[in-house]
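# What the coordinates show
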Amino acid sequence: MEKSSKTIIVGVTGGIAAYKSVELVSSLVKLGHEVHVILTKSAQDFITPLTFQTITKQHVWLDQLNLDREEYVPHVDLGAKADLVVIAPASANTIAKITWGLADNILTSTILATKAPILLAPAMNVNMYQNTVTQGNLNRLKELGCYFVEPEEGILACGVVGKGRLAATSKILEAIDRILYPNLDFLGKTVLITAGGTQEAIDPVRYIGNRSSGKMGFALAREAQRKGARVILVAGPTHIEPPLGVEYFPIVSSQEMYDKVLEFYSISDIVLMAAAVADYKPTISFTKKHKKESGNLVLGLQRTPDILFELGQNKKEQILVGFAAETEDLLANAEAKLNKKNLDLIVANDITKPGAGFNSDTNIVTLVFPNGKKVALPQLHKADIAAKILDAVTELPLFKLKKQ
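Our subject in this report is the structure included herewith. Predicted model only: the values in this text are computed from it and were never measured. (Residues numbered from 1 in each chain as written. Predicted model: local features only at pLDDT ≥ 70, side-chain atom pairs only at ≥ 80, totals over all residues. Heavy atoms only, no water.)

## With respect to the overall build of the chain
Applicable threshold: Put simply, DSSP marks the helices as runs of H or I at least four residues long and the strands as runs of E at least two long, and each gets a number from the N terminus on. A simple rule labels every residue: compare its accessible area, found with a 1.4 Å probe on the protein chains alone, to the largest value its type can have, and call it buried under 20%, exposed over 50%, or partly exposed in between. Here, two residues are considered to be in contact whenever any of their heavy atoms come within 4.5 Å of each other. A 1.4 Å probe and the Shrake-Rupley method give the accessible areas. Residues count as covered only by the protein chains that appear here. Charge counting treats Lys and Arg as positive and Asp and Glu as negative, with His and both chain ends excluded. The atom standing in for a charge is NZ when the residue is Lys, CZ when it is Arg, CG when it is Asp and CD when it is Glu.
Along the backbone of the chain there are 14 helices and 21 strands. Expressed as a percentage of the 404 residues in the chain, the buried residues total 50%. The contacts in the chain between residues at least 6 apart in sequence include a share of 66% that link residues at least 24 apart. For the chain, the accessible area works out to roughly 20,000 Å², and carbon and sulfur atoms hold 51% of it. The averaged location of the 42 negative side-chain charges in the chain is 2 Å from the averaged location of its 44 positive side-chain charges.

If you want it as structure tokens, here you go:
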């Protein structure tokens, strides 16, 4: 892909790492990009506007009136012209503001006013970074589609050793390059994704279900869309907002998921079955709330449709990816499922491990292939795991054959 010049807004927030942003801005200018710098008030305690103005040959934006400028509403103008907004370093304070939609300076106002991708490179004390509130804010922003360059471990300005140093300029530049010039491996492909759990009604109030949040499936939908795919997302009950532009079909029961998946299966190139579909449902579902009675209530259960098995039996040229959430014999159970259901790849995870499983923002998975190859991934955010899964799909023989 030809790398044309882009307009990049670089936000610099307060912290000792602010001086490193000079190298970043200089590198972007040398690459031919038009760079506009926004300094927060705290950032000016560490570095001067003149430095960036000299490098970029552009006005540097501060939190003060700019009545002599053409841009009377600078955050709107900057947001409209941006191809990308980068915040490096991104302080805990600014991350919190962005998470909750605060707009009390030019930088946070520009974030709200832009439709451009947003890349944050956090830098702060290790305890601030690991704080539950900060981690919650980071996870929320990842779910909203923001990009991140993880901080590095080392000696911090406070003298403590830990994770919190601003990522190397080379890593930030690499992330910028990936965002501005995305790998559109899935352009022209239709990707069908299932997410979340299903609910099998006992009566209008109660149901049989599971703890699946849908986070993994929604992360896959976002990543497939970024890679250029047409994405069809079929999801059980969840509180997650679907990515803009994704064809979204909310369902409740396993039968509804079965019907909707089969509706789109024939037109799909890649199918990612991340949903945790209930294996059983009540043989009888009461039409009214079943009142408590003396003694026990015995429910009969019957099997629900095995959607993944049926897709595997009727597979033509689709690439079919399954998921195996296990509590024991992880790899053995995953390989058995892979073979029984005629899959091209299975993503296995042990839900008993800390940082893995249902409702978690992170996961620890192993990718298992039909040829016996296994790729164990460390604990990663589900957005990062989604990227790894789709990268693995592009390495499958059938994907390569279709691409030729």
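## Brief notes about helix α9 (residues 215-226)
Defined as follows: Multiplying 1.5 Å by the helix residue count minus one yields the expected span of that helix.
The end-to-end C-alpha distance of α9 is 17 Å, a good match for the 16 Å that twelve residues give at a rise of 1.5 Å each. A large share of α9 lies buried, amounting to ten of its twelve residues. Turning to α9, its buried residues number three or more, namely Lys 215, Met 216, Gly 217, Phe 218, Ala 219, Leu 220, Ala 221, Arg 222, Glu 223 and Ala 224. Looking at the residues trailing α9, positive phi occurs at Gly 228, about 100°.

## Comments concerning the pattern of salt bridges
What counts is decided by this rule: A carboxyl oxygen of Asp or Glu within 4 Å of a side-chain nitrogen of Lys or Arg is what we treat as a salt bridge.
This structure, assessed with the given rule, holds 16 salt bridges. Of the charged contacts in the structure, one is a salt bridge between Lys 227 and Glu 223, with a shortest N-O distance of 4.0 Å. When the shortest N-O distance is used, the salt bridge between Glu 263 and Lys 260 registers 3.2 Å. Of this pair, Glu 263 and Lys 260 both sit in helix α10 (residues 254-265), three residues apart, which is roughly one turn of the helix. On the accessibility criterion, Glu 263 (46% relative accessible area) is partly exposed. Within the structure, one salt-bridge network assembled from shared partners comprises Glu 223, Arg 226, Lys 227 and Asp 391.

## Quick look at the sheet that holds strand β8 (residues 190-195)
Our working definition: Strands pair, by our definition, only if DSSP identifies at least two bridges between them. For every element, the axis is a line fit to its C-alpha atoms; helices are fit only across the contacting stretch, and the angle between N-to-C directions ranges from 0 to 180 degrees.
Read across the sheet, eight strands follow the order β12-β11-β8-β13-β16-β17-β19-β20 without closing on themselves; strand pairing throughout is mixed. At either end of the open sheet lies a strand with only one pairing partner, and these are β12 (247-250) and β20 (374-376). Mean inter-strand twist for the sheet, computed between neighbouring axes without regard to direction, equals 15°. This element, helix α12 (residues 330-340), spans β16 (319-326), β17 (345-350), β19 (365-368) and β20 of the sheet and lies at about 155° to β17.

## Observations regarding the pairing of strand β2 (residues 34-39)
For clarity, the cut-off: When the strands point away from the viewer and the path from the first strand over the helix to the second turns clockwise, the crossover is right-handed.
Counting buried positions along β2 gives five out of six residues, so the element sits mostly inside the fold. The pairing of strand β1 (residues 7-12) with β2 spans six bridges and is classified as parallel. Opposite Val 12, over in β2, you have Leu 39 as the bridge partner. In this view, the connection linking β1 to its parallel neighbour β2 by way of helix α1 (residues 21-30) has right-handed handedness.

## What about unusual backbone geometry?
The peptide bond linking Ala 88 to Pro 89 adopts the cis configuration, its omega dihedral lying at 0°. Here Pro 89 shows up in strand β3 (residues 84-90). Although it is not a glycine, Asp 329 adopts a positive phi angle of roughly 45°. Inspection of the secondary structure puts Asp 329 in the loop between β16 and α12.

## With respect to the side chain of Thr 194
Just so we agree on the cut-off: In protein, a polar contact means a hydrogen-donor-capable atom and an acceptor-capable atom, both N or O and within 3.5 Å, with residues adjacent in sequence counting only if both atoms are side-chain atoms; elsewhere, any N or O pair within 3.5 Å suffices.
The residue Thr 194 is located in strand β8 in this model. Here Ala 275 takes part through its backbone nitrogen, which lies 3.1 Å from a polar atom of the side chain of Thr 194.

## Concerning the packing of α9 against helix α13 (residues 382-394)
Cut-off, in case you're wondering: Each angle receives one of four descriptions, namely roughly parallel if under 35 degrees, roughly antiparallel if over 145, roughly perpendicular if within 65 to 115, and oblique otherwise. When the near helix sits turned anticlockwise from the far one by under a right angle, the crossing is termed left-handed; a clockwise turn instead gives a right-handed crossing.
Across the interface, α9 lies against α13 with an axial gap of 8 Å and an inter-helix angle of 60°. Overall, the two elements α9 and α13 adopt an arrangement that is oblique. Where α9 crosses over α13, the handedness of that crossing is right-handed. Along the contact surface, α9 presents Lys 215, Met 216, Ala 219, Leu 220, Glu 223 and Ala 224, while α13 presents Lys 382, Ala 383, Ile 385, Ala 386, Ala 387, Ile 389 and Leu 390.

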